[in-house]
Amino acid sequence: MATAKKAAKKAVKKAPAKKAAAKKPAKKAAKKAAKKPAKKAAKKPAKKKVARKPNAAFMKPVTPSAVLAAVIGDKAVPRTEITSKIWAYIKKSGLQDAVNRRMINADEKLKAVFGGKKQVSMFEMTKLVSNHLK
């Protein structure tokens, strides 16, 4: 019987607490609505856009090997130009895989550049091409 009385007292104590808790969110919502709107942040002066300088290492002309020269030419050009010329060759020859556009199907010229592989990913391509630069 003693445990039943204790349980009843606990139930009575918890009931008013729940009612008070239910009233609190309503009061908070009313207080938020009564507050004044926040001030707008002051506008910061716009920064001038400065043209980005290219990295000197990328712009340094490098000489392609004889195998790579068959694809892009034998002139010394920056690495960025070499990548652009290889992509131009790939697109002109239709060597990009139709299903997975990240993969490049090698023809005879590119197979020599890719170390004999028939198909490489575009990310692996740059690694393999860098082996042919001096």
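See above for the structure.
Asker: Account for the nonpolar core, with residues named and values stated.
Answerer: Within the largest apolar cluster, 21 residues are counted, with the highest numbers of intra-cluster contacts made by Ile-82, Leu-110, Phe-114 and Met-125. Those elements giving two or more residues to this core turn out to be helix H3 (66–72), helix H4 (79–93), helix H5 (108–113) and helix H6 (122–130). At 5 residues, the largest contribution of residues to this core is made by H4. Setting aside residues no more than four positions away along its own chain, Met-125 makes contact with Ile-86, Trp-87, Ile-90, Ile-104, Phe-114 and Val-120.

Asker: Quick rundown of the packing of H4 against H6? Include the residues and the values.
Answerer: Each pair of packed helices can be summarised by the angle the axes make with each other and by the distance between the axes. Here H4 crosses H6 at 125°, and the two axes come no closer than 11 Å. If you check the angle between H4 and H6, you find them oblique. The element H4 and its partner H6 pack so that their crossing is right-handed. Contacts between H4 and H6 involve Arg-79, Ile-82, Ile-86, Trp-87 and Ile-90 on the former and, on the latter, Met-122, Met-125, Val-129 and Ser-130. Considered class by class, the residues forming the contact of H4 with H6 number 7 nonpolar, 1 polar and 1 charged.

Asker: Which residues make up the pattern of salt bridges, and what values do they have?
Answerer: Tallied over the entire structure, the rule returns 1 salt bridge. Notably, a salt bridge pairs Glu-124 with Lys-117, separated by 2.3 Å at the nearest N-O pair. With relative accessibility at 26%, the residue Glu-124 sits in the partly exposed group.

Asker: Requested: an account of H6, with residues and values cited.
Answerer: Turning to H6, its buried residues are Met-125, Leu-128 and Val-129. Considered in projection along H6, the buried side chains sweep an arc of 100° and stay on one side of the axis. Every exposed residue of H6 that faces more than 90 degrees away from the buried side is listed here: Phe-123 and Lys-127. Buried residues in H6 make contact with H3, H4, strand E1 (103–105), H5 and strand E2 (119–121).

Asker: Please set out the side chain of Gln-96 residue by residue, giving values where relevant.
Answerer: If you trace the backbone, Gln-96 turns up in the loop between H4 and E1. Given the relative accessible area of 17%, Gln-96 is considered buried. A distance of 2.8 Å separates the side chain of Gln-96 from the backbone oxygen of Arg-101, its partner in a polar contact. In this structure, Gln-96 is in contact with Trp-87, Ile-90, Lys-91, Arg-101, Met-103 and Asn-105, ignoring residues within four places of it in sequence.

Conventions we followed
Residues numbered from 1 in each chain as written. Predicted model: local features only at pLDDT ≥ 70, side-chain atom pairs only at ≥ 80, totals over all residues. Heavy atoms only, no water. Core = buried A, V, L, I, M, F, W, Y, C linked by side-chain atoms within 4.5 Å. Buried < 20%, exposed > 50% of the residue type's maximum accessible area, 1.4 Å probe, protein only. Helix = DSSP H or I, 4+ residues; strand = E, 2+ residues; numbered from the N terminus. Contact = heavy atoms within 4.5 Å. Axes fitted to C-alpha atoms, helices over the stretch in contact; angles between N-to-C directions. Parallel < 35°, antiparallel > 145°, perpendicular 65-115°, else oblique. Left-handed = near helix turned anticlockwise from the far one by under 90°. Nonpolar A, V, L, I, M, F, W, Y, C, P; charged D, E, K, R; others polar. Salt bridge = Lys/Arg side-chain N within 4 Å of Asp/Glu carboxyl O. Arc of directions from axis to C-beta. Polar contact = N/O pair within 3.5 Å; in protein donor to acceptor, adjacent residues only side chain to side chain.

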